[in-house]
Amino acid sequence: MDDPRTALNEKIAEIDDQMATMEKKPADQGSISFGKRIGEGTSMAVDRLAQVAVHDKLQLIRGDVLRAFEKLDEGSYGRCDVCGKPIPEARLEALPWAVLCVGDASKR
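Numbers given to residues run from 1 along each chain, matching the order in which its sequence is written. Residue-level local features of this predicted model are given only where pLDDT is at least 70; pairs of side-chain atoms are given and counted only at 80 or more, and the full residue set underlies all totals for whole chains, interfaces and linings. Note that water and hydrogens are dropped before the side-chain values are worked out from all heavy atoms of the structure.

Moving on, we come to the overall build of the chain. Along the backbone of the chain there are four helices and zero strands. A run of H or I in DSSP counts as a helix once it spans at least four residues, and a run of E counts as a strand once it spans at least two, with each numbered from the N terminus. N-terminal to C-terminal, the α/β element order of the chain is α-α-α-α. Contact definition: two residues touch when any of their heavy atoms are within 4.5 Å. Within the chain, contacts between residues separated by at least 24 positions form 53% of all contacts whose residues are at least 6 apart in sequence. Throughout, the Shrake-Rupley method with a 1.4 Å probe supplies accessible areas, and for residues the shown protein chains are the sole cover considered. Total accessible area computed for the chain in this model is approximately 7400 Å², and 55% of it derives from carbon and sulfur atoms.

Now the structure itself:
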């Protein structure tokens, strides 16, 4: 990886853009009714719940990006925050913001 800071800066900008879009107030807030049948209100609620889950995931990734910046500054970039073992280069190429090895990331 040439410069992880470039990739991290791009990722944080992408996440911030996505989160800003998701945090906007919905345009259509007309009269929504909920009943026994799946209607517009129910599908809007399901869509909103899905957006909340995506937003939560973006916040988690954003935290990892910020932590990766810290690790670059302190000289521990490329080492797992939990076990201290090196994070494989291929993982860092794919996810420059990886702060955990695959084993510890799977426990998250």
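Moving on: a negative patch on the surface. Patch definition: residues with relative accessible area over 30% and no salt bridge; like charges joined within 9 Å; nonpolar side chains (Val, Leu, Ile, Met, Phe, Trp, Tyr) joined within 5 Å. By definition, a salt bridge exists where a carboxyl oxygen of Asp or Glu is found within 4 Å of a side-chain nitrogen of Lys or Arg. Under this rule, positive means Lys or Arg and negative means Asp or Glu; His and the chain ends count for nothing. Each charge is placed at NZ for Lys, CZ for Arg, CG for Asp and CD for Glu. Together, D2, D3, E89 and E93 make up a negatively charged patch on the protein surface. Given a relative accessible area of 48%, E89 falls into the partly exposed group. Burial here depends on accessible area, computed with a 1.4 Å probe over protein chains only, as a share of the maximum for the residue type. Under 20% is buried, over 50% is exposed, and the range in between is partly exposed.

Here pLDDT means the predictor's own confidence in every residue, given as a number from 0 to 100. Put simply, the chain has an average pLDDT of 87, and 84% of its residues get 70 or more. No element of the chain has a lower mean pLDDT than helix 2 (residues 40-74), at 88, and none a higher one than helix 3 (residues 89-94), at 96.

On to the side chain of K11. Topologically, K11 is positioned in helix 1 (residues 4-23). If we skip the residues at most four places from it in the chain, K11 touches I61, V65 and W97.

A few words now on the pattern of salt bridges. Using the criterion set out here, one finds nine salt bridges in the structure. Among the ionic pairs, R5 bridges to D73, the shortest N-O distance being 2.6 Å. With a gap of 68 residues between them, R5 in helix 1 and D73 in helix 2 connect regions that are remote in the sequence. In this structure, K71 engages D81 in a salt bridge whose closest nitrogen and oxygen atoms are separated by 2.7 Å.

Put simply, a nonpolar core is a bunch of buried Ala, Val, Leu, Ile, Met, Phe, Trp, Tyr and Cys residues held in one set by side-chain atoms that sit within 4.5 Å of each other. With 19 residues, the main nonpolar core has L8, I15 and V65 as its most contacted residues. Elements with a minimum of two residues in this core: helix 1 and helix 2. Sequence-distant contacts of L8, that is, excluding residues within four places in its chain, are made with V65, A68, F69, L72, P96 and W97.

A few words on the side chain of K71. Considering the arrangement of structural elements, one finds K71 in helix 2. Residue classification places K71 among the buried positions, given a relative accessible area of 1%.

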